[in-house]
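Residue-level structural notes
What follows is each chain in one-letter form.
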Amino acid sequence: MANKKLTLTFVDPQPMRYGENSHQTAVFYRDPTCTEASLATAKQLHGKELSYNNIVDADAALEMAREFSGENAVVIVKHMNPCGLATGKTLAEAFEAAWAGDPVSAFGSVIAVTKKVDLKTAMLLKGRFVEILLAPAFEKDALEFLQNKSKDIRLLEVGEIKKATTCKVYKHVIGGMLVQDRDVGTYEKFECVTKKKFAKNKEDLARFTWLVTKHTKSNAIVMGYEYKRGFFMVLGLGPGQPNRIDSNLRLCQPRVRDNIARMKKAQGLSKTELKALEKKIFGEVVMGSDAFFPFPDNVEAAAKAGVKYIVQPGGSKKDDLSIEACNKLDVAMVFTGMRHFRH
């Protein structure tokens with residue numbers, strides 16, 4: 001390796017509106033070898049010039065959307081995290097469920113959808129400010145509606161969104177370049193390691209939750225919910241904390257409680273009734289963690305809230321402590337064998 005040299009070629013520099021901050025200038029170069037749907041090949045049909053952050057967030061949203069290729073799925077990204085993500089019988093249904101995951105953070109977000117945008121979906125953006133809507137294509141009436149809605153919203157057409165392909169990815173640091181394989185894997189196994197078995201009717205939700213966890217910044221805790229038979233949404237998200245228990249207790253669980261309080265079934269309930277509903281819904285979610293638990297504290301915190309199902313990679317020297325806690329607290333836990341740190 002000592003005598004090898006890395007030579008990369010990028011072409012067609014496009015000036016960005018500004019860089020990561022407004023006092024920084026930025027340029028976007030295109031990879032001429034890329035054949036996937038991408039920001040480099042996207043057609044901007046409407047809206048302001050793109051900024052550095054727009055490109056980064058839209059790329060993150062597109063990477064998440066690839067995981068749900070072939071489904072009606074909507075990904076809502078803020079600062080590279082999926083503040084909302086859902087599948088649905090229709091694209092509009094998925095949009096509503098994704099937006100409900102965190103309506104506050106969805107303001108000024110970047111949205112990627114897996115299917116052609118129809119008018120019903122487009123109309124759900126009425127009165128809602130988003131930076132970008134990225135899609136394979138737009139129906140004519142949907143495009144007209146969105147163009148009339150705002151002069152600023154950026155509408156990006158990327159063509160068919162397919163599963164991610166294997167390639168190398170690069171990250172520049174001062175003085176060097178990091179090169180690694182793209183994280184196209186999902187899991188090596190789906191192994192229940194606890195006395196309580198993972199219910200068959202929770203496995204699809206577990207896989208959905210695991211995919212969202214994969215694309216959430218470390219230390220990630222995600223709670224997925226089957227809001228309608230066969231369709232799933234992010235009910236709570238705890239991204240990017242220095243420790244995993246904060247992601248769970250300070251971010252994810254409070255978000256779940258906020259979202260439960262907004263549900264139609266929660267309206268008019270007494271405090272006691274609302275607490276009972278929270279316990280019931282926590283018992284229906286699947287909690288995902290992007291890396292193993294070095295201590296049983298996350299299991300204990302989840303179980304205290306009512307969580308009965310956990311998916312995580314396993315691999316800690318102290319896995320037995322988490323398994324023991326699950327067995328004591330009647331929680332089912334699956335190991336995937338594949339960690340998904342995201343920095």
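Reference entry: report on the structure contained in this document. (Residues numbered from 1 in each chain as written. Predicted model: local features only at pLDDT ≥ 70, side-chain atom pairs only at ≥ 80, totals over all residues. Heavy atoms only, no water.)

**A few points about helix α2 (residues 91-100)**
Of all 10 residues in α2, eight are buried; the element is thus mostly enclosed. Every buried residue of α2 is accounted for by L91, A92, E93, A94, F95, A97, A98 and W99. (Buried < 20%, exposed > 50% of the residue type's maximum accessible area, 1.4 Å probe, protein only. Helix = DSSP H or I, 4+ residues; strand = E, 2+ residues; numbered from the N terminus.)

**Some words on the packing of aromatic side chains**
Taken as a whole, this structure holds seven aromatic pairs when the rule is applied. With a centroid separation of 5.9 Å and an interplanar angle of 80 degrees, the aromatic rings of F190 and F198 are classed as edge-to-face. On the numbers, 5.6 Å between centres and 35 degrees between planes, the contact of F208 with F232 is tilted. Placement of the pair is F208 in helix α5 (residues 203-214) and F232 in strand β13 (residues 231-238), with a sequence separation of 24 residues. Residue F208 is classed as buried on the basis of its relative accessible area, which comes to 3%. Given a relative accessible area of 10%, F232 falls into the buried group. Ring pairs connect the aromatic residues Y187, F190, F198 and Y309, which therefore count as one cluster. One residue, R207, lies across the ring of F190, its end atom 4.2 Å from the ring centre. (Phe/Tyr/Trp six-rings, centres within 6.5 Å; stacked < 30°, edge-to-face > 60°. Lys NZ or Arg CZ within 6 Å of the ring centre and 35° of its normal.)

**A word on helix α1 (residues 52-66)**
For α1, which comprises 15 residues, the first-to-last C-alpha distance of 21 Å matches the rise-based estimate of 21 Å (1.5 Å per residue) to within 8%. Of all 15 residues making up α1, 11 are buried, and the element is well covered by its neighbours. At its buried positions, α1 is contacted by β2 (27-30), β4 (73-78), β5 (81-87), β6 (109-113), β7 (130-135) and β8 (154-157). (Expected span 1.5 Å × (residues − 1). Contact = heavy atoms within 4.5 Å.)

**Some details on the nonpolar core**
One finds V74, I111 and L133 to be the most contacted residues of the largest nonpolar core, which totals 55 residues. Examining the composition of this core, we find that seven residues originate from one element, α2, more than from any other. Beyond its immediate stretch of four places on either side in the chain, V74 contacts G84, L85, A86, L91, A94, F95, A98, I111, A112 and V113. (Core = buried A, V, L, I, M, F, W, Y, C linked by side-chain atoms within 4.5 Å.)

**Structural notes on a nonpolar patch on the surface**
Taken together, the side chains of L6, L8, F10, V27, Y29, Y170, M177 and V179 define a hydrophobic patch exposed on the protein surface, amounting to about 710 Å² of accessible area. Looking at the nonpolar patch, the elements that each hand over two or more residues are β2 and β10 (176-181). Along the chain, M177 turns up in strand β10. Residue classification places M177 among the partly exposed positions, given a relative accessible area of 40%. (Patch = residues over 30% accessible without salt bridge, like charges linked within 9 Å, V, L, I, M, F, W, Y side chains within 5 Å. Areas by Shrake-Rupley, 256 points an atom, 1.4 Å probe, with all protein chains shown as cover. Salt bridge = Lys/Arg side-chain N within 4 Å of Asp/Glu carboxyl O.)

**Concerning the packing of helix α6 (residues 244-262) against helix α8 (residues 297-305)**
Between α6 and α8, whose axes approach to 10 Å, the crossing angle comes to 15 degrees. When the interaxial angle is binned, α6 and α8 end up roughly parallel. Where α6 crosses over α8, the two elements pack in a sense that is right-handed. Between α6, through R244, I245, N248, L249, Q253 and R257, and α8, the contact on the second element is made entirely by D297, N298, A301, A302 and A305. (Axes fitted to C-alpha atoms, helices over the stretch in contact; angles between N-to-C directions. Parallel < 35°, antiparallel > 145°, perpendicular 65-115°, else oblique. Left-handed = near helix turned anticlockwise from the far one by under 90°.)

**Digging into unusual backbone geometry**
Cis geometry marks the peptide bond from S218 to N219; its omega dihedral reads -5 degrees. Looking at where N219 falls in the secondary structure, it is placed in the loop between α5 and β12 (221-228). Even without being glycine, D12 reaches a positive phi, approximately 50 degrees. Of the residues examined, D12 reaches a relative accessible area of 41% and is grouped as partly exposed.

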